[in-house]
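# Summary of structural features
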4 protein chains.
Amino acid sequence: MEPAFGPSKVSAAELTQLMTDFGPFVQAYGFTNDQVLAGRAVVRLPYAAHHLRPGGTIAGPAMMALADYSMYVALLGAIGMTPLAVTTSLNINFLQKPSDTDLICDARLIKLGRRLAVGDMAIRAEGDADLCAHATATYSIPPR
Amino acid sequence: MEPAFGPSKVSAAELTQLMTDFGPFVQAYGFTNDQVLAGRAVVRLPYAAHHLRPGGTIAGPAMMALADYSMYVALLGAIGMTPLAVTTSLNINFLQKPSDTDLICDARLIKLGRRLAVGDMAIRAEGDADLCAHATATYSIPPR
Amino acid sequence: MEPAFGPSKVSAAELTQLMTDFGPFVQAYGFTNDQVLAGRAVVRLPYAAHHLRPGGTIAGPAMMALADYSMYVALLGAIGMTPLAVTTSLNINFLQKPSDTDLICDARLIKLGRRLAVGDMAIRAEGDADLCAHATATYSIPPR
Amino acid sequence: MEPAFGPSKVSAAELTQLMTDFGPFVQAYGFTNDQVLAGRAVVRLPYAAHHLRPGGTIAGPAMMALADYSMYVALLGAIGMTPLAVTTSLNINFLQKPSDTDLICDARLIKLGRRLAVGDMAIRAEGDADLCAHATATYSIPPR
């Protein structure tokens with residue numbers, strides 16, 4: 001029942017170019033696109049102490065940013081370069097404190113319509129089988 | 001029916017001190033606590049071009065960070081200094097693109113239990129009556 | 001800051017007629033529209049033992065149905081008779097067990113666009129100041 | 001990466017007995033437990049015209065009830081008979097109108113803690129590969 005995802009409709013070069021349209025705050029996350037397919041993206045947030053919150057774990061907003069960006073890439077993988085696709089809603093459950101390592105987000109579209117896309121995102125600390133967060137999000141796709 | 005909120009149980013000095021337990025990434029948002037009461041906080045995200053995303057508006061993750069932090073302050077206002085209170089879930093709807101100005105988040109607890117708190121958060125661009133985002137979140141309160 | 005809501009654009013007779021387009025399962029809730037304005041509806045779910053779940057309290061799905069229907073009425077109050085408006089997402093937090101009495105849901109639009117509306121819903125047991133549930137929902141408005 | 005689910009810790013007889021603790025309104029859904037494992041349940045909502053809403057499709061609340069009940073069964077499959085486990089939050093996206101046939105919900109736990117469980121639920125019309133709704137929910141597990 002595992003769905004098959006075709007090849008990405010957005011190139012690595014386009015995604016690199018796209019990041020230059022983000023301000024330095026988002027660039028500073030250093031997201032790397034480990035895998036991009038049509039409707040699926042695996043994105044890495046490199047571990048960095050500057051994301052810590054009281055208690056010494058990665059702050060929730062860094063995980064929310066990772067989930068949101070991963071869904072964006074999965075969507076662009078499915079529809080091609082569309083910078084003005086925007087998040088309309090996001091729901092996240094934080095499940096356990098992540099280990100002190102890179103976080104990996106696996107984002108998959110569960111619906112792709114003409115105007116809206118819905119996806120879910122599983123975030124794990126690298127090397128850990130259990131999820132540290134799970135999210136769903138809806139994106140609005142601009143008319144083309 | 002507007003609920004009354006009593007005085008904050010966390011001091012401005014404690015909140016300033018708390019921010020030093022966050023890494024520089026969160027500190028860089030420059031959140032200011034415009035008002036803190038027991039169960040309510042009004043927090044400002046100063047406008048900065050480094051938060052922009054393609055299309056030239058503030059990136060969604062900056063608004064999610066603002067919502068999450070505002071709820072944290074509203075909760076600490078109600079229960080006093082409790083750094084290890086953590087978000088367990090957050091749901092956000094993005095309603096319109098914000099203007100190029102500071103964002104103001106008004107966070108209010110709608111339930112305060114012994115172990116869990118739930119709040120809602122309204123985000124507006126300063127001077128705009130309409131919401132640009134609305135969120136709800138649940139926090140887990142550690143045993144004291 | 002409490003928003004003002006104008007008069008309803010849907011009549012009581014239209015809402016009564018609309019209910020006949022629902023199957024008997026939804027009709028059986030016996031929802032009554034205590035107040036309908038443009039973008040706001042106060043709807044009552046009469047207490048009935050047939051909604052109980054293990055533990056003897058009203059089942060969550062009855063509260064979800066109440067929240068969803070109340071938002072539908074608030075939206076029709078704002079845009080007039082539009083039976084094919086449909087829910088696209090709903091998020092609910094259950095805050096405490098309700099008392100054994102009618103439940104009252106206060107639904108308010110927080111955004112009304114041309115194609116989408118977003119609202120929040122506060123559910124209380126009648127006579128109780130505290131919420132027993134809080135929800136947000138998004139509706140899709142069909143082209144007119 | 002598909003997780004394996006062990007045998008259910010709740011028996012079919014216990015689930016049948018449990019349903020008698022629900023009021024007739026919930027019983028009337030006629031849910032059938034097609035498969036129950038430890039942390040996974042596949043539950044069927046038999047098609048019935050009394051669930052229709054304007055437009056002639058199954059009302060959203062019937063799908064919310066199906067998602068919520070399926071998660072309850074998946075959880076009981078994992079922890080054994082625990083009637084007082086209760087939903088604390090549920091988030092659902094409605095993805096497309098279902099066909100006029102039974103609805104099948106596949107609920108899986110994505111986290112099982114001592115006090116909280118989180119799961120996701122995929123709802124399809126029988127025989128349809130695409131989802132008609134997707135939900136996530138959190139349950140509170142009473143002390144045992």
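Please read these numbers as outputs of a predicted model, since none were measured by experiment. (Residues numbered from 1 in each chain as written. Chains lettered and ligands numbered in written order. Predicted model: local features only at pLDDT ≥ 70, side-chain atom pairs only at ≥ 80, totals over all residues.)

Here the focus is the relation of the copies chain B and chain A. The transformation that overlays chain B on chain A combines an axial shift of 0.0 Å with a rotation of 180°, and the residual RMSD is 0.0 Å. Read as a symmetry element, the transformation amounts to a two-fold axis. By C-alpha distance to the rotation axis, the residue of chain B lying nearest is Asn91(B), at 2.1 Å. (Least-squares fit on C-alpha atoms with pLDDT ≥ 70 in both.)

Looking now at the interface of chain C and chain D. Residue-level contacts link 31 residues of chain C with 30 residues of chain D. When residues of the side of chain C that touches chain D are traced back to their parent elements, those giving at least two are helix 2 (24-27), strand 3 (52-53), helix 3 (60-79) and strand 5 (86-94) of chain C. Among the elements that line the side of chain C that touches chain D, the one with the most residues is strand 5 of chain C, at nine residues. Grouping the amino acids of the side of chain C that touches chain D by side-chain chemistry returns 18 nonpolar, 10 polar and three charged. Direction of pairing for strand 5 of chain C relative to strand 5 (residues 86-94) of chain D: antiparallel, over a ladder of five bridges. Bridging from a neighbouring strand, Leu90(C) pairs with Ile92(D) of strand 5 of chain D. (Contact = placed C-beta atoms within 7 Å. Helix = DSSP H or I, 4+ residues; strand = E, 2+ residues; numbered from the N terminus. Nonpolar A, V, L, I, M, F, W, Y, C, P; charged D, E, K, R; others polar. Pairing = 2+ DSSP bridges.)

In terms of nonpolar packing, the biggest core is built from 196 residues, with Ala67(A), Ala67(B), Ala67(C) and Ala67(D) touching the most fellow members. Among all residues touching Ala67(D), those that are not within four sequence positions of it are Leu90(D), Ile92(D), Cys105(D), Met121(D), Ile123(D), Ala135(D) and Ala137(D). (Core = buried A, V, L, I, M, F, W, Y, C linked by C-beta atoms within 7 Å. Buried ≥ 20, exposed ≤ 12 C-beta atoms within 10 Å, placed from the backbone.)

Right, let's talk about the interface of chain B and chain A for a bit. On the side of chain A, 31 residues touch chain B, which itself brings 31 residues to the contact. Those elements giving two or more residues to the side of chain B that touches chain A turn out to be helix 2 (24-27), strand 3 (52-53), helix 3 (60-79) and strand 5 (86-94) of chain B. Examining the composition of the side of chain B that touches chain A, we find that nine residues originate from one element, strand 5 of chain B, more than from any other. Class assignment for the residues of the side of chain B that touches chain A results in 18 nonpolar, 10 polar and three charged.

On to the sheet that holds strand 6 (residues 103-112) of chain D. Across the sheet, which stays open at both edges, the 12 strands sit in the order 1(C)-2(C)-6(C)-7(C)-8(C)-5(C)-5(D)-8(D)-7(D)-6(D)-2(D)-1(D) with antiparallel pairing between neighbours. Bordering the open sheet on either side are strand 1 (32-37) of chain C together with strand 1 (32-37) of chain D, each of which pairs with just one other strand. The average undirected angle you get between the axes of adjacent strands in this sheet is 15°. Inspection of the sheet shows strand 1 of chain D paired to strand 2 (residues 40-45) of chain D by five bridges, in the antiparallel sense. Paired with Leu37(D) across the two strands is Arg40(D), which belongs to strand 2 of chain D. (Axes fitted to C-alpha atoms, helices over the stretch in contact; angles between N-to-C directions.)

Attention now moves to the sheet that holds strand 2 (residues 40-45) of chain B. Read from one edge to the other, the open sheet built from 12 strands follows the order 1(A)-2(A)-6(A)-7(A)-8(A)-5(A)-5(B)-8(B)-7(B)-6(B)-2(B)-1(B), with strand pairing classed as antiparallel. The sheet is open, and its two edges are formed by strand 1 (32-37) of chain A together with strand 1 (32-37) of chain B, each paired on a single side. On average, adjacent strands in this sheet sit at an angle of 15° to one another, irrespective of strand direction. Contacting strand 5 (86-94) of chain A together with strand 1, strand 2, strand 5, strand 6 (103-112), strand 7 (116-125) and strand 8 (133-140) of chain B, helix 3 of chain B runs over the sheet at an angle of about 45° to strand 6 of chain B.

Right, let's get into the relation of the copies chain C and chain D. The operation relating chain C to chain D is a screw motion whose rotation component is 180°, with 0.0 Å of axial translation and a residual RMSD of 0.0 Å. When the interface residues of chain C are mapped onto chain D, 97% of them again fall at the interface, so both copies present the same face.

Residue and element names in this part refer to chain B. The terminal C-alpha atoms of helix 3, which comprises 20 residues, lie 29 Å apart, in line with the 28 Å expected from a rise of 1.5 Å per residue. Where burial is concerned, most of helix 3 is hidden: 19 out of the 20 residues are buried. Positive backbone phi, at 85°, marks Gly 80, one or two positions downstream of helix 3. (Expected span 1.5 Å × (residues − 1).)

The next point concerns the environment of Arg53(A). Within the secondary structure layout, Arg53(A) lies in strand 3 (residues 52-53). Overall, the presence of 24 C-beta atoms within 10 Å leaves Arg53(A) in the buried class. Excluding anything up to four places from it in sequence, Arg53(A) contacts Ala59(A), Phe22(B) and Val26(B).

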